[in-house]
Each structure stands twice: as C-alpha cells, then as structure tokens.
Amino acid sequence: MTMQPATHDIAAQRRLIWVGLLAVASVLFSGVFACAVPLAALAALAALDIERRDGLMLIAAVWLANQIWGYGVLAYPHDLTTAAWGLTMGAGSGVAYLCARATVTALSGNLVLTAVSALLVSFAAYEATLYAATFVLGGGDEAFTAAVVGRIAAIDAAAFVALLFVHRLAVAAGIARRNALEGGASTLPAAQHA
C-alpha cells in the first residue's frame, strides 16, 4: 500500500517547479537582454502571488540564476565592482518586490489597476535603487538616460505581459497557483496580505 503525498507537499513541489521555471526564464532573459534583465517585471509578478514568502523566494531564485548565468556563461568580470552591482541588482529586486507587494495589497480592488500599478511601482523602486547605488559605485551617467530607461521600461512591460501569460499556462497545467489577478476575486483575502 502506497501513501499519497500530503496536499501540502504537492503544493510545495508545484511552487518549486514554478520558481524553477522563472529562474530558467531569468537565464533566458539574461542571454537576450544581458544587463537589462526584467527583474522589475519578475518582482511585480511575484507581488501578485498570494504568499509573501513565495514571492521573496522567487525573487531570490531568479536573481541567483541570473548571477550564476552571468558569471558562469556570459563571463561577467570577476571584480569587486561587478559583484557590488550584482548585489545591488539583488537588493533592487527585493525592494521592487516589497514595494509592488504593498501596492497589490493597497489596490486589490481593481485587477487591471493593481497589475499595472504593481509593475510601475516595481520598476520605479528597482530603478531608484540602482540609481542610488551610482553615487557609491559610479557609472550612472550613461545608464540612466531617458533612452536607456525607456528601453528597459519597454522590456519590463513586455516581459510582464509575457510572464502573466506563462503564469496562466502554468496554472492550467497545475504547476502554479492562481495569483491575485487569476483568482477571480476582486480582492486578496485579508489574512493573506502579509
């Protein structure tokens, strides 16, 4: 007689698969966009998740996958400045996630407004974190021109839409849970805002 895994174990396995898929997406984005990986879009998508812990885990996993790919395959320089920028991108992703999460919690009544706001706030928080780091690490003049920021914003917006579509497919395949937009409810349950 074999025992079926507990529902909790299956849910945990599905979350890990979903996080793994997004880590792979981060690697693919790294190959295409190099330093313009849409971490703000990933943070906004994670903010739409029901559990805060899962969102933070997702952000950490995609950032780590991006760094491993960058150093291991794309031959990022092995110097202190590059490492500091990598850590800044990780911190920026975390800040972007937390700000987007607060936005999702505050605006959970209108689903389209919530999604768009989560992306805008995530992008602004991520870029602000990187910009603040330029005062310590240097290199901000050419990286924050209107053309560069506009290009990165377009990449993040396109990636966000694509990731929402992929998430919908993952839900249909039973790999991921419905997020705040897909749940059909107009608000997140109060007990699950944290």
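Read on for an overview of the structure. None of these values were measured; they are calculated from a predicted model. Every residue gets a number counted from 1 within its own chain, in the order that chain's sequence is written. In keeping with the model being predicted, local features are shown solely for residues with a pLDDT of at least 70 and side-chain atom pairs are shown and tallied solely at 80 or more, while totals for entire chains, interfaces and linings include all residues. Side-chain metrics in this entry use all non-hydrogen atoms of the structure; hydrogen atoms and water are not considered.

1. Overview of the overall build of the chain
What the chain contains, in helices and strands, is seven helices and zero strands. Strands are runs of DSSP state E lasting at least two residues, helices are runs of H or I lasting at least four, and both sets are numbered from the N terminus onward. Along the chain, from the amino end to the carboxyl end, the secondary structure elements read α-α-α-α-α-α-α. Exposure is judged per residue with a 1.4 Å probe applied to protein chains only, and the accessible area is read against the type maximum: over 50% gives exposed, under 20% gives buried, and values in between give partly exposed. Of all 194 residues assigned to the chain, the portion counted as buried reaches 41%. Should any heavy atoms of two residues lie within 4.5 Å, those residues are counted as being in contact. Taking all contacts inside the chain whose residues are at least 6 apart in sequence as the whole, residues at least 24 apart take part in 71%.

2. A word on the nonpolar core
What we call a nonpolar core is a set of buried Ala, Val, Leu, Ile, Met, Phe, Trp, Tyr and Cys residues that are connected through their side-chain atoms within 4.5 Å. Trp18, Leu22, Leu39, Leu58, Tyr126 and Phe160 are the most contacted members of the largest nonpolar core, which totals 37 residues. Mapped by element, the contributors of at least two residues to this core are α1 (7-33), α2 (39-47), α3 (52-72), α4 (80-106), α5 (111-137) and α7 (146-172). With nine residues, the single largest contributor to this core is α2. If sequence neighbours within four positions are ignored, Phe160 has contacts with Ala41, Ala44, Leu45, Leu48, Ala115 and Leu119.

3. Re the environment of Arg178
Checked against the element boundaries, Arg178 lands in the segment after α7. Among the residues examined, Arg178 registers a relative accessible area of 42% and is labelled partly exposed. Sequence separation between Arg178 and Leu48 is 130 residues, and the spatial gap between their C-alpha atoms is 9.3 Å.

4. Things to note about the packing of α4 against α5
Running from N to C, α4 and α5 point in directions that differ by 150°, and their axes come no closer than 8 Å. When the interaxial angle is binned, α4 and α5 end up roughly antiparallel. The two elements α4 and α5 meet at a crossing, and its hand is right-handed. For this classification, Asp, Glu, Lys and Arg are treated as charged, while Ala, Val, Leu, Ile, Met, Phe, Trp, Tyr, Cys and Pro are nonpolar and the rest, including Gly, are polar. Tallied by class, residues from the contact of α4 with α5 come to 16 nonpolar, nine polar and no charged. For every element, the axis is a line fit to its C-alpha atoms; helices are fit only across the contacting stretch, and the angle between N-to-C directions ranges from 0 to 180 degrees. Roughly parallel refers to an angle under 35 degrees, roughly antiparallel to one over 145, roughly perpendicular to one between 65 and 115, and oblique to any angle outside these ranges. Take the far helix as the reference: if the near one is turned anticlockwise from it by less than a right angle, the crossing is left-handed, and if turned clockwise, right-handed.

5. Comments concerning the packing of aromatic side chains
Think of it this way: a Phe, Tyr or Trp ring, Trp meaning its six-membered ring, pairs with another when their centres are within 6.5 Å, and the plane angle makes it stacked under 30 degrees, edge-to-face over 60, tilted otherwise. For the structure on display, the rule yields three aromatic pairs. Aromatic side chains Tyr71 and Tyr76 sit 5.4 Å apart centroid to centroid with 70° between the ring planes, which places their arrangement in the edge-to-face category. By relative accessible area, which is 23% here, Tyr71 ends up partly exposed. Since its relative accessible area comes to 17%, Tyr76 is described here as buried. Arranged with centres 5.3 Å apart and planes meeting at 85°, the rings of Tyr131 and Phe135 form a pair that is edge-to-face. Placement of both Tyr131 and Phe135 in helix α5 is noted, with a separation of four residues, approximately one turn of the helix.

6. A short note on α7
A helix is expected to reach a length of 1.5 Å times the quantity of its residues less one. Over its 27 residues, α7 runs 39 Å from end to end, which matches the ideal 39 Å to within 8%, given 1.5 Å per residue. Three or more residues of α7 are buried, namely Ile152, Ile155, Asp156, Ala159, Phe160, Leu163, His167, Ala170 and Val171. One or two positions beyond α7, positive phi appears at Gly174, with a value near 80°.

7. Notes on the packing of α2 against α5
The interhelical angle for the contact between α2 and α5, taken along N-to-C directions, is 135°, at an axis separation of 8 Å. On the basis of the axis angle, α2 is oblique to α5. For the element pair α2 and α5, the recorded crossing hand is right-handed. Seen from α2, the contacting residues are Leu39, Ala40, Ala41, Ala43 and Ala44; seen from α5, they are Ala118, Leu119, Ser122, Phe123 and Tyr126. In terms of residue class, the contact of α2 with α5 is made up of nine nonpolar, one polar and no charged.

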